[in-house]
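# Survey of secondary and tertiary structure
Chain by chain, the residues run as shown.
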Amino acid sequence: MTSSTGTAARDALYDQGITACPGAFSPAWADAMREDIEKAFAEALARPDGAVGRGPHRYYVEIHPEQLRGFVDLVTHPWVTAVCEAVLGPRYEIVELGFDVPLAGAVNQPWHRDFPMPEVTRTQRRLNSLAFNLTGVDTTEEMGPFEIAPGTQFDDEPEFGHGMFPPKSFYPRYEQRAVRKYPKRGDISARSALTIHRGTRNYSQLSRPVLVLGVDAPGAGNGERHDTAVTGPFWESLPDQVKAHLHCPVVDTLTPITQKHTIEGLVMGEA
């Protein structure tokens, strides 16, 4: 990928709050990713606090890098690295790996952002984190697609509940801008988690698993919400390119992650 790729993605992220790279991986690669997600999801559901609710029939699970066979493929993909460097700088940090699973019966979430606006964004209009998403299925309307309101990443009003939830009086702005996304297996998107968005109602009998890769600029601090770790053998197997951006403990045995970043306003779905 050329530097112009990163520049174009950066411009899109600052303008729209989201960008994408269709067909970054093969459908077979995405199918293997989904197998790993489904295995980790079953394990998480079987232990206390393994999966955190993000609304009725909707869950989030955080995993360790070596639970995903394609981890190195993902974090060394030229588009991913170009976007990270262009938006977050050359010393970007991989801080989160997890997945959302909206099951059959998931309802509309309230419009929200994933965490309050950082001060550097508020005062300097600088984005200091990104969320990359990869779908495990070819998304259809019935599956309750992700819906986003482009250009809202810098919305900043004191009326936002917990700095994350706009009041219902703001909803017409988001509904007017709303775009539903229908990614296919192998596509990658990158967005600012500050861009106002929501999951929609899943009318199908299928789940819609989505991988989440969280990346920070130095000092952004989102790593404090996560407990990513790797074992010694896995660390030694990683390319230097990955080690340079993965600042996490190296442990003898992995401990299942209990997610720290609960979002109480999503637990009940749309009010």
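So, a few notes on the structure that sits alongside this text.

Analysis parameters
Residues numbered from 1 in each chain as written. Predicted model: local features only at pLDDT ≥ 70, side-chain atom pairs only at ≥ 80, totals over all residues. Heavy atoms only, no water. Helix = DSSP H or I, 4+ residues; strand = E, 2+ residues; numbered from the N terminus. Contact = heavy atoms within 4.5 Å. Polar contact = N/O pair within 3.5 Å; in protein donor to acceptor, adjacent residues only side chain to side chain. Pairing = 2+ DSSP bridges.

By secondary structure assignment, the location of Ala149 is in the loop between β6 (146-148) and α6 (171-177). Along the backbone, Ala149 and Asp240 are 91 residues apart, and their C-alpha atoms lie at a distance of 37 Å. Beyond its immediate chain neighbours, meaning those up to four positions away, Ala149 contacts Trp111, Tyr174, Arg177, Thr195 and Ile196.

With respect to the secondary-structure elements, Arg125 resides in the loop between α5 (119-124) and β5 (129-135). Residues Arg125 and Phe154, 29 residues apart in the sequence, show an inter-C-alpha distance of 7.2 Å. Excluding its chain neighbours within four sequence positions, the residues that come into contact with Arg125 are Tyr14, Val120 and Phe154.

Attention now moves to the side chain of Asn108. Topologically, Asn108 is positioned in the loop between β4 (93-102) and α5. For Asn108, the side chain forms a polar contact with the main-chain nitrogen of Arg201, separated by 2.8 Å.

What follows deals with the sheet that holds strand β7 (residues 179-180). As summarised here, the arrangement of the 3 strands in space is β7-β6-β9, forming an open sheet in which the pairing is antiparallel. The sheet is open, and its two edges are formed by β7 and β9 (197-199), each paired on a single side. Both β6 and β7 contribute to a ladder of 2 bridges, which runs antiparallel. Bridge assignment links Ile148 to a residue of β7, and that residue is Val179.

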